[in-house]
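Fold and contact review
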Protein chains: 2
Amino acid sequence: MEDKLIYRYEYPHPSVTTDCVIFGFDGSRLKVLLVERGVEPFKGKWALPGGFLRMDESAEQGARRELQEETGLAAAYIKQFHTFTEPQRDPRERVVTIAYYALVKLQEVKGGDDAARAEWFALDEVPALAFDHDQILRMATQELRRQIHFEPVGFELLPEEFTVKELQLLYEAILDVRFDRRNFYKKMLHLELLTQVNTDHANRNQPYLFRFNEEKYNELKQKGFRLEF
Amino acid sequence: MEDKLIYRYEYPHPSVTTDCVIFGFDGSRLKVLLVERGVEPFKGKWALPGGFLRMDESAEQGARRELQEETGLAAAYIKQFHTFTEPQRDPRERVVTIAYYALVKLQEVKGGDDAARAEWFALDEVPALAFDHDQILRMATQELRRQIHFEPVGFELLPEEFTVKELQLLYEAILDVRFDRRNFYKKMLHLELLTQVNTDHANRNQPYLFRFNEEKYNELKQKGFRLEF
DNA sequence: TCAAAAGTGTTCGCTATACACCCATGG
DNA sequence: CCATGGGTGTATAGCGAACACTTTTGA
């Protein structure tokens, strides 16, 4: 047994992991992907996907690897938001976890190739989680809300083409507020971050489809604009 | 030599450190505290104060310990903002660093009891730093600017009592913008975050002194307000 | 037939901005 | 005496919030 412990240090080193809060939007509610733990501790409990940081990868690469394993998505919006370091947060040993949140388009998600059971939960229906993952999830939500004031992160959660109503529902889900439909519509169009797809709408009752205008966004970002909500 | 390496693991573990970007304000410019490295690598170069995380302390406790050693200050505003994990960021071994920034009142700072030479640099006069500390400093500045939209962090950098002009100079230094003196004055008073100290001003030419009204701030925070700048 | 959806208009009030003014001080 | 610093006032433009209207569809 002893000869397996071949990595030796003069001082104790904590383990380092990455955990990933994966957000999706189903058209009306914000969801988060959880995996069921198959081993102790917290066996049977739900937890955030995560794993040990490899010595040759950065934390972001590690988090992307987790994301890929769980959702099949290689490229997605991913952002580091906090590192959790309480000495007792893992009962087995000292573990420091670098936490990311990812924004994925739900309809592009394939089942993960991981053996573990994974499931999407609405944010207000998340069960008690393993370790300090409740706290991690709470902070991720907070950071997402904060981030939305500086970057149009919402678009990462919608399909390529979407209606203004869908966009509004998303913003309302993230910020937990209600907007006036008409004001939201005008405000969004006025920002010029949306490009209309189908210029001819036969039906006054069928909404326009839009795409996110990334070029225009980069333009505005140069000038240092803010998204007011 | 071998028998010093008594901490053994089945898998390799990175070292974990905390680094601390300590900001101060001298009345006209934003400053940052750097220490001169006494050992290789980067011997003689300037770097951010930092050190290894102890196994019984959280990262924040570690950062506070660094802050205390460098400035003598036990309580100050301190905030984790990013963890740097590039595999090659330290030429010796794999080191992950959890970075904090601290806001201190310059006039309360005592010399550090650390042996290392420490010095305050104006933000735009910072020399090339050791490791990836340039990048860390840049991100700290960015985060401070971002944070100021949600929390009145500026007050952490001023003395207990200050004039509106001083507050304006601070905001201008942080955000690198200029404000109209008269509009800034009214806006600040209108927010009601300031409590006037000397109600009688004998001299029309000597400015009022103010304190930060923390109670009022907590009130406003409940209602979810934003600082517009 | 009528409620619901989606695009368009209008009004009002707040506030950010620009800029004028007044007063006391000190060189 | 006048430039400077510091507190106060005012006018305008723009935008967000509230809410009316119109058309089309489908139950």
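Going by the structure above, here's the rest.
What this report covers is the structure whose coordinates are included nearby. (Residues numbered from 1 in each chain as written. Chains lettered and ligands numbered in written order. Predicted model: local features only at pLDDT ≥ 70, side-chain atom pairs only at ≥ 80, totals over all residues. Heavy atoms only, no water.)

**Re the protein's contact with DNA strand D**
Taken together, 16 residues surround DNA strand D, and among them Arg182 and Asn183 of chain A together with Lys186, Pro207 and Tyr208 of chain B come closest. Within 4 Å of the protein, the contacting atoms of DNA strand D are 39% sugar and phosphate, with bases supplying the remainder. Side-chain polar atom of Arg181 of chain B to a base oxygen of DNA strand D: 2.9 Å apart, as the coordinates give it. Within the contact set of DNA strand D, a sugar or linking oxygen lies 3.2 Å away from a side-chain nitrogen or oxygen of Tyr185 of chain B. Among the elements of the structure, α4 (181–191) of chain A together with α4 (181–191) of chain B are those that each provide at least two residues to the surface near DNA strand D. The biggest single contributor to the surface near DNA strand D is α4 of chain B, with 4 residues. When the residues that make up the surface near DNA strand D are grouped by side-chain class, the tally is 3 nonpolar, 4 polar and 9 charged. (Near = heavy atom within 4 Å. Polar contact = N/O pair within 3.5 Å; in protein donor to acceptor, adjacent residues only side chain to side chain. Helix = DSSP H or I, 4+ residues; strand = E, 2+ residues; numbered from the N terminus. Nonpolar A, V, L, I, M, F, W, Y, C, P; charged D, E, K, R; others polar.)

**Here's the deal with the relation of the copies chain B and chain A**
Relative to chain A, chain B is turned by 180° and slid 0.0 Å along the rotation axis, the superposed coordinates differing by an RMSD of 0.1 Å. What the superposition gives is, in effect, a two-fold axis relating one chain to the other. Within chain B, the C-alpha atom positioned nearest to the axis of rotation is that of Arg8 of chain B, 2.2 Å from it. Most of the interface of chain B is mirrored in chain A, where 100% of its interface residues again form contacts. (Least-squares fit on C-alpha atoms with pLDDT ≥ 70 in both. Contact = heavy atoms within 4.5 Å.)

**Observations regarding the pairing of strand β7 (residues 95–103) of chain A**
All names here are of chain A. Counting buried residues along β7, 9 of its 9 residues qualify, which places the element largely inside the surrounding structure. Residues Val95, Thr97, Ala99, Tyr101 and Leu103 of β7 are buried on one face, and the alternating residues Val96, Ile98, Tyr100 and Ala102, pointing to the opposite face, are buried as well. As defined by bridge partners, strand β6 (residues 77–84) adjoins β7 across 7 bridges and the pair is classed as antiparallel. Directly across from Gln80, in β7, lies its bridge partner Tyr100. (Buried < 20%, exposed > 50% of the residue type's maximum accessible area, 1.4 Å probe, protein only. Pairing = 2+ DSSP bridges.)

**A few points about the packing of aromatic side chains**
In total, this model carries 24 aromatic pairs over all chains according to the counting rule given. Ring centres of Phe23 of chain A and Tyr101 of chain A lie 6.2 Å apart, and the angle between their planes is 65°; this geometry places the pair in the edge-to-face category. You can see Phe23 of chain A sitting in strand β2 (residues 15–25) and its partner Tyr101 of chain A sitting in strand β7, a full 78 residues away along the chain. Owing to a relative accessible area of 0%, Phe23 of chain A belongs among the buried residues under this scheme. For Tyr101 of chain A, a relative accessible area of 0% gives the class buried. One residue, Arg146 of chain B, lies across the ring of Phe150 of chain A, its end atom 4.5 Å from the ring centre. (Phe/Tyr/Trp six-rings, centres within 6.5 Å; stacked < 30°, edge-to-face > 60°. Lys NZ or Arg CZ within 6 Å of the ring centre and 35° of its normal.)

**Topic: the interface of chain B and chain A**
At the interface, 38 residues of chain B touch 38 residues of chain A. Where chain B abuts chain A, roughly 3,700 Å² becomes buried across the two surfaces, and 53% of that area is made up of carbon and sulfur atoms. The interface formed by chain B and chain A includes 2 salt bridges. Taken together, the links from chain B to chain A amount to 23 residue pairs in polar contact (both at pLDDT 80 or more). Put simply, the parts of the chain that give the side of chain B that touches chain A at least two residues each are β1 (7–9), β2 (15–25), β6 (77–84), β7 (95–103) and α2 (133–147) of chain B. (Buried area = accessible area lost by both parts, 1.4 Å probe. Salt bridge = Lys/Arg side-chain N within 4 Å of Asp/Glu carboxyl O.)

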